[in-house]
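Residue-level structure breakdown
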Amino acid sequence: MRQMKTVLPTYAEEISPKTVTKPIDVPEQTLSEEQLQEKIAELSNARYKYEKFRNMSHIDLRDGTTMPALAIGTALLEPKLVKHIVSAAIDLGFRAIDTAYIYGNEQAIGEAIKAKINEGTVTRDELFVISKLWSTFHRRDLVMKACKQSLENMGLDYFDLYMIHNPMSFKEGNDPIPKIANVLQYSEHDYLDAWYGIEDVIRKGLAKRGGVSNFNSVQVERVVDKGNIKPVLNQVECHPYLTQQRLEDFCSIRNIKLSCYGVLGSKGTPEELKSGLSPVIDDPLVKVMSAELGITPAQLLIA
Ligand SMILES: NC(=O)c1ccc[n+]([C@@H]2O[C@H](COP(=O)([O-])OP(=O)(O)OC[C@H]3O[C@@H](n4cnc5c(N)ncnc54)[C@H](OP(=O)(O)O)[C@@H]3O)[C@@H](O)[C@H]2O)c1
């Protein structure tokens, strides 16, 4: 049901004509054509079935702007549904869209955005499009190329937020998770090089602002200390099993917002990447508390 082996684009200047394949070997799609058509119909009708967000909360960012508090995530989506999911999300009032090069679906997301702008549902200004730099592109000069490639894939002129996806810097080249004899190969260029690259991208107007993701407090501090432009947020896994309270306090003092993923416990994570623990959405206490409040476990966790 989840993301298949998808062919990702390559950067002509950097690498050989070999294709870059998706790093996560997720199960093959099991949806029949009939199920697929049912899902597409459901997504197309979502705007009639569900209530649209009337008052989306916004978060104040350090640069004086705001971003929507909720974003539609785009990782591990069934490839044939990506366009429909993003379109339905925009119809329902989502304005922030969380994407990444490594998700391998930038083109379909871009097509959905373009269609929604063309039909007048939304303007580009109203959207907050987030993208993330993959770990093999941390060398400063590669950041610009990677960002331009992602923009081109999505048919956009700029990102509202461009983040370093991970603090780990992998060896540059074709392979998104380069390994030799099963040992991960790291780059000699670290996340600070990548941050300087993000600053270049911002100065060039290709991203309105920069952020980091999966950074711990030491890594955040180094970027804040050495960087000329400060990150506006740090996106990390966060839910009742991993509250990130200390990291949030640390970031908050530095005027950096903490943005959360995995709030439902990342139930859709491929089997080989799972810890074995049940996801938080299945926690009995979450179920009891949400039932008492008359809301769903997902609503409780997101709130
Ligand atoms: N920066 C990073 O490193 C990073 C890492 C992970 C994720 N992200 C971002 O965060 C986004 C969200 O990822 P996530 O891991 O938090 O996964 P998620 O999309 O919030 O949830 C995934 C799982 O939760 C289930 N689910 C979703 N809504 C539900 C509901 N209302 N009730 C019950 N179950 C529900 C889904 O089931 P169904 O499949 O049945 O719908 C799916 O299996 C990603 O798409 C990506 O954009 C960023």
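Residues numbered from 1 in each chain as written. Predicted model: local features only at pLDDT ≥ 70, side-chain atom pairs only at ≥ 80, totals over all residues.

The name an unreviewed UniProt entry gives the chain is NADP-dependent oxidoreductase domain-containing protein, with Euphydryas editha as the organism.

A few points about the environment of Thr-243
For Thr-243, the location among the structural elements is in the loop between strand S12 (233-237) and helix H8 (245-253). C-alpha of Thr-243 to C-alpha of Cys-260: the two residues are 17 residues apart in sequence and 9.7 Å apart in space. (Helix = DSSP H or I, 4+ residues; strand = E, 2+ residues; numbered from the N terminus.)

With respect to the sheet that holds strand S5 (residues 71-73)
One open sheet holds the 7 strands; their spatial order is S5-S6-S7-S8-S11-S12-S13, and the pairing between them is parallel. Every other strand in the sheet has two partners, leaving S5 and strand S13 (257-261) as the edge strands with one partner each. This sheet shows a mean twist of 25° between the axes of neighbouring strands, independent of strand direction. One ladder, built from 3 bridges, connects strand S6 (residues 96-98) with strand S7 (residues 128-133); its direction is parallel. Paired with Asp-98 across the bridge in S7 is Ile-130. The sheet contacts of helix H6 (residues 191-203) involve S7, strand S8 (161-164) and strand S11 (210-213), and relative to S8 the element is tilted by about 170°. (Pairing = 2+ DSSP bridges. Axes fitted to C-alpha atoms, helices over the stretch in contact; angles between N-to-C directions. Contact = placed C-beta atoms within 7 Å.)

A closer look at the UniProt feature "site: Lowers pKa of active site Tyr" (unreviewed entry) in the chain
UniProt tags Lys-132 as "site: Lowers pKa of active site Tyr" (unreviewed entry). Here Lys-132 is to be found in strand S7. In this structure Lys-132 comes out as buried when scored by C-beta crowding, with 26 C-beta atoms within 10 Å. Discounting chain neighbours no more than four positions away, the residues touching Lys-132 are Ala-100, Tyr-101, Met-163, His-165 and Ser-213. (UniProt positions renumbered as here; feature names shortened; annotations may be inferred. Buried ≥ 20, exposed ≤ 12 C-beta atoms within 10 Å, placed from the backbone.)

Some thoughts on the environment of Phe-94
Looking at the element boundaries, Phe-94 is found in the loop between helix H3 (82-91) and S6. C-alpha separation for the pair Phe-94 and Phe-128, spaced 34 residues apart in sequence, amounts to 9.4 Å. Contact partners of Phe-94, with chain neighbours within four places excluded, come to Leu-70, Ala-71, Ile-72 and Ala-89.

Points about the pairing of S8
Burial along S8 is two-sided: Leu-161 and Met-163 facing one way and Tyr-162 and Ile-164 facing the other are all buried. Relative to S8, S7 is paired through 4 bridges, and the arrangement is parallel. Within S8, the position partnered with Ser-131 by the bridge is Tyr-162. Between S7 and its parallel partner S8, the chain crosses via helix H5 (residues 140-154), and the hand of that crossover is right-handed. Of the pairings in the sheet, the one linking S8 to S11 comprises 3 bridges and is parallel in character. The residue of S11 that forms the bridge with Met-163 is Gly-211. (Right-handed = clockwise from strand over helix to strand, strands pointing away.)

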